[in-house]
Amino acid sequence: MTAVATPTTSGLRWLGVASVVETASLVVLVVNLATVHHPLVTSTMGPVHGFAYLATIAVAFLLPLTTGTRLLTLVPAVGGLLALHRARTRTAGAGGTPA
Amino acid sequence: MGKVLLSLHVLAAIVFIGPVTVAVSVFPRYARATSDHSVEVVALLHRISRVYAVLGLSVPVLGIALAAHLGVLGDAWVVASLVLTIAAALVLAVVILPAQDRLMGPPAEPSAVATRLATASRLSTASGLFSLLWAVVVVLMVVRPGSTTGV
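Cut-off values and rules
- Residues numbered from 1 in each chain as written.
- Chains lettered and ligands numbered in written order.
- Predicted model: local features only at pLDDT ≥ 70, side-chain atom pairs only at ≥ 80, totals over all residues.
- Heavy atoms only, no water.
- Helix = DSSP H or I, 4+ residues; strand = E, 2+ residues; numbered from the N terminus.
- Contact = heavy atoms within 4.5 Å.
- Areas by Shrake-Rupley, 256 points an atom, 1.4 Å probe, with all protein chains shown as cover.
- Buried area = accessible area lost by both parts, 1.4 Å probe.
- Salt bridge = Lys/Arg side-chain N within 4 Å of Asp/Glu carboxyl O.
- Polar contact = N/O pair within 3.5 Å; in protein donor to acceptor, adjacent residues only side chain to side chain.
- Nonpolar A, V, L, I, M, F, W, Y, C, P; charged D, E, K, R; others polar.
- Expected span 1.5 Å × (residues − 1).
- Buried < 20%, exposed > 50% of the residue type's maximum accessible area, 1.4 Å probe, protein only.
- Patch = residues over 30% accessible without salt bridge, like charges linked within 9 Å, V, L, I, M, F, W, Y side chains within 5 Å.

Draft legend 1. Focus on the overall build of chain B. In terms of regular secondary structure, chain B is built from five helices and zero strands. When its helices and strands are written in sequence order, chain B yields α-α-α-α-α. A separation of at least 24 residues holds for 78% of the contacts in chain B among residues at least 6 apart in sequence. As presented, chain B carries roughly 8,000 Å² of accessible surface, and 72% of it is formed by carbon and sulfur atoms.

Here is the structure:
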């Protein structure tokens, strides 16, 4: 563990994967709801979205991020992507060292 | 769909929660050790604890989906299981993982050894509590007191 509180690139990649799944699965759910409304899609993507939402929050709290960035992940639907954007701009702004 | 959800729920519990239970219970023993080898073991156990803890979130999510599918989400045994699961998750996220974080890296100077051993001891207790909570949830899942479903 380094003393500098900067999330690693691989850590942010995990946050990215969870965030994209969080938003994409919700898009699939809403599109399904508005169009064919197939119950199989709902019962498959529902748990996927729920897991991705919780995983995004958990990953954000395990990474060395600021409290504000962590709390952003609580925002439904796009919280993970907002937090990811904030983490990346903060890291770049603070002169973060590329891996 | 219910059988698929149940299979995934049980599979996720075995594959994801199992490693966390083992890793957090073995961690304190290696955190007390002082060899170079133990530093690497501690790092690996911490990594397993963290990664599988996140993956383990799929277990309650699949469980809630299954309970909703079966129409038993409001049943006492499901609600009790959820409360105990949240308690276990809090023990892991608030007590165990931060304490593991403090025990990472090589042992500090001799004056810090007592603190280190105290943290490791608290970690043993928390790990036992985590395992106990999960065991009670599993028993609730099998016995399902008050339930009439035959699934």
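Draft legend 2. Region of interest: unusual backbone geometry. Residues and elements named next belong to chain A. One non-glycine residue, His37, adopts positive backbone phi at about 55°. Following the sequence through the fold, His37 ends up in the loop between helix H1 (9-34) and helix H2 (39-62). The phi angle at Ala77 is positive, at roughly 75°, despite the residue not being glycine. Counting through the fold element by element, Ala77 comes out in the loop between helix H3 (67-72) and helix H4 (79-93).

Draft legend 3. Expanded view of the interface of chain A and chain B. Between chain A and chain B, the residue contacts involve twelve residues of the former and 13 residues of the latter. Both sides together, the interface formed by chain A and chain B hides about 1,000 Å², and carbon and sulfur atoms give 84% of it. Our count for the contact surface shared by chain A and chain B stands at zero salt bridges. The interface formed by chain A and chain B includes one residue pair in polar contact (both at pLDDT 80 or more). The residue makeup of the side of chain A that touches chain B, split by class, is nine nonpolar, three polar and no charged.

Draft legend 4. Spotlight on the environment of A:Ala58. Position of A:Ala58 among the secondary structure elements: in helix H2. Separated by 43 residues in sequence, A:Ala58 and A:Leu15 have C-alpha atoms that sit 9.3 Å apart. When sequence neighbours within four positions are dropped, the list of residues in contact with A:Ala58 reads B:Val54 and B:Leu57.

Draft legend 5. Spatial organisation of helix H3 (residues 58-70) of chain B. When the terminal C-alpha atoms of H3(B) are compared, their 18 Å separation across 13 residues agrees well with the 18 Å that a helix rising 1.5 Å per residue should span. Every buried residue belonging to H3(B) is among B:Ser58, B:Val59, B:Val61, B:Leu62, B:Gly63, B:Leu66 and B:Ala67, and all of these are buried. Contacts from the buried residues of H3(B) go to H2 of chain A together with helix H1 (2-32), helix H2 (36-55) and helix H4 (76-102) of chain B. B:Gly71 occupies a position one or two residues after H3(B) and carries a positive phi of about 75°.

Draft legend 6. How the structure looks around a nonpolar patch on the surface. A contiguous nonpolar surface patch, about 750 Å² in accessible area, is contributed by A:Leu40, B:Met1, B:Val4, B:Leu6, B:Leu8, B:Val10, B:Leu11, B:Ile14 and B:Val15. Among the elements that make up the nonpolar patch, the one with the highest residue count is H1(B) (seven residues). Classification of B:Leu6 as partly exposed rests on a relative accessible area of 31%.

Draft legend 7. Structural view of the side chain of A:Thr69. Residues and elements named next belong to chain A. Here Thr69 is to be found in helix H3. By relative accessible area, Thr69 is classed as buried at 2%. Polar side-chain contacts of Thr69 include one of 3.1 Å to the side chain of Arg86. When near neighbours in sequence (up to four residues on either side) are disregarded, Thr69 contacts Ala83, Arg86 and Ala87.

So far we have only geometry, and geometry alone does not tell us how the molecule works.
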